[in-house]
Amino acid sequence: MVYLSLLLFITAFVALYLLVPREKIAEYFGFGLVAGPVLGLILLYVMISVLGVWTFSNIDILYIAGIPVFQALTWLPLEIGFAYYFLRSRTSLTYLTVILALPVLATLSHYVYLQLGLLEYSNWYLFSTFLVSLLIHLGLAAYLYYVIQQRNRLA
């Protein structure tokens, strides 16, 4: 299972290139970089090294300070896709669906990791994973919405 994070990273990039136009990938790359691996590395560091609530076992081929690097990098294409679909949303239901998609995906991935014995929780729960991811994506959505408002005012 040591290549699981690398496999997820490659799968996420393939999905990104199939579902998002190339020019939009380039346009949202900066957002994806900060919202994805940068925020992911910070979150993983806090959860693993500071709080000690997550312990991953053998899911990555590259670790830095105990943090699975490709696990964090997987968020780059996911957050680019999040930005693209959030900014294309036109109805409340679409906004809600896009905002909930990645927290649900994060929770499902943790569930699978737990079932495979690749992740252990210490005083943590799947619902906690969902809530943290939801709060993060609500913040990212608020930022993107603010960017939309600024663009519309300038246009």
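Just above sits the structure.
Residues numbered from 1 in each chain as written. Predicted model: local features only at pLDDT ≥ 70, side-chain atom pairs only at ≥ 80, totals over all residues. Heavy atoms only, no water.

A. Representation of the overall build of the protein within the structure. Each helix and strand in the protein was counted, giving 7 helices and 4 strands. Beginning at the N terminus, the succession of helices and strands in the protein can be written as α-α-α-β-β-β-α-α-α-β-α. Radius of gyration (C-alpha) of the protein: 16 Å, near the 15 Å computed for a compact globule of 155 residues. Its C-alpha atoms give the protein principal-axis dimensions of about 50 × 30 × 25 Å. Counting the 155 residues in the protein, one finds 43% classified as buried. In the protein, the share of contacts with a sequence separation of at least 24, taken over all contacts with a separation of at least 6, comes to 72%. Across the protein, 6 positive and 5 negative side-chain charges occur, with their mean positions spaced 18 Å apart. (Helix = DSSP H or I, 4+ residues; strand = E, 2+ residues; numbered from the N terminus. Rg over C-alpha atoms; globule rule 2.2 N^0.38 Å. Buried < 20%, exposed > 50% of the residue type's maximum accessible area, 1.4 Å probe, protein only. Contact = heavy atoms within 4.5 Å. Lys, Arg positive; Asp, Glu negative; His and termini not counted. Charge placed at Lys NZ, Arg CZ, Asp CG, Glu CD.)

B. Representation of unusual backbone geometry within the structure. Positive phi, normally seen in glycine, also occurs at N58, with a value near 55°. Assignment of secondary structure puts N58 in the loop between β1 (54-56) and β2 (63-64). Even without being a glycine, A65 presents a positive backbone phi close to 55°. Along the chain, A65 turns up in the loop between β2 and β3 (67-68).

C. Here's a closer look at the nonpolar core. Judged by nonpolar contacts, the single largest core of 29 residues is most densely connected at F31, F82, F86 and L144. For this core, the secondary-structure elements that each account for two or more residues are α1 (4-19), α3 (29-50), α5 (75-88), α6 (92-116) and α7 (126-154). A per-element tally of this core places α5 first, with 9 residues. With residues up to four places along the chain from it excluded, the contact list for F82 reads F31, V98, I99, L102, H137, L140, A141 and L144. Membership of the second largest hydrophobic core comes to 15 residues, among which are M47, W54, A72 and L118. (Core = buried A, V, L, I, M, F, W, Y, C linked by side-chain atoms within 4.5 Å.)

D. Main features of a nonpolar patch on the surface. Taken together, I10, V14, L18, L19 and Y85 make up a surface patch of nonpolar side chains, about 500 Å² in accessible area. Looking at which element gives the most residues to the nonpolar patch, the answer is α1, with 4 residues. Positionally, I10 belongs in helix α1. A relative accessible area of 46% places I10 in the partly exposed class. (Patch = residues over 30% accessible without salt bridge, like charges linked within 9 Å, V, L, I, M, F, W, Y side chains within 5 Å. Areas by Shrake-Rupley, 256 points an atom, 1.4 Å probe, with all protein chains shown as cover. Salt bridge = Lys/Arg side-chain N within 4 Å of Asp/Glu carboxyl O.)

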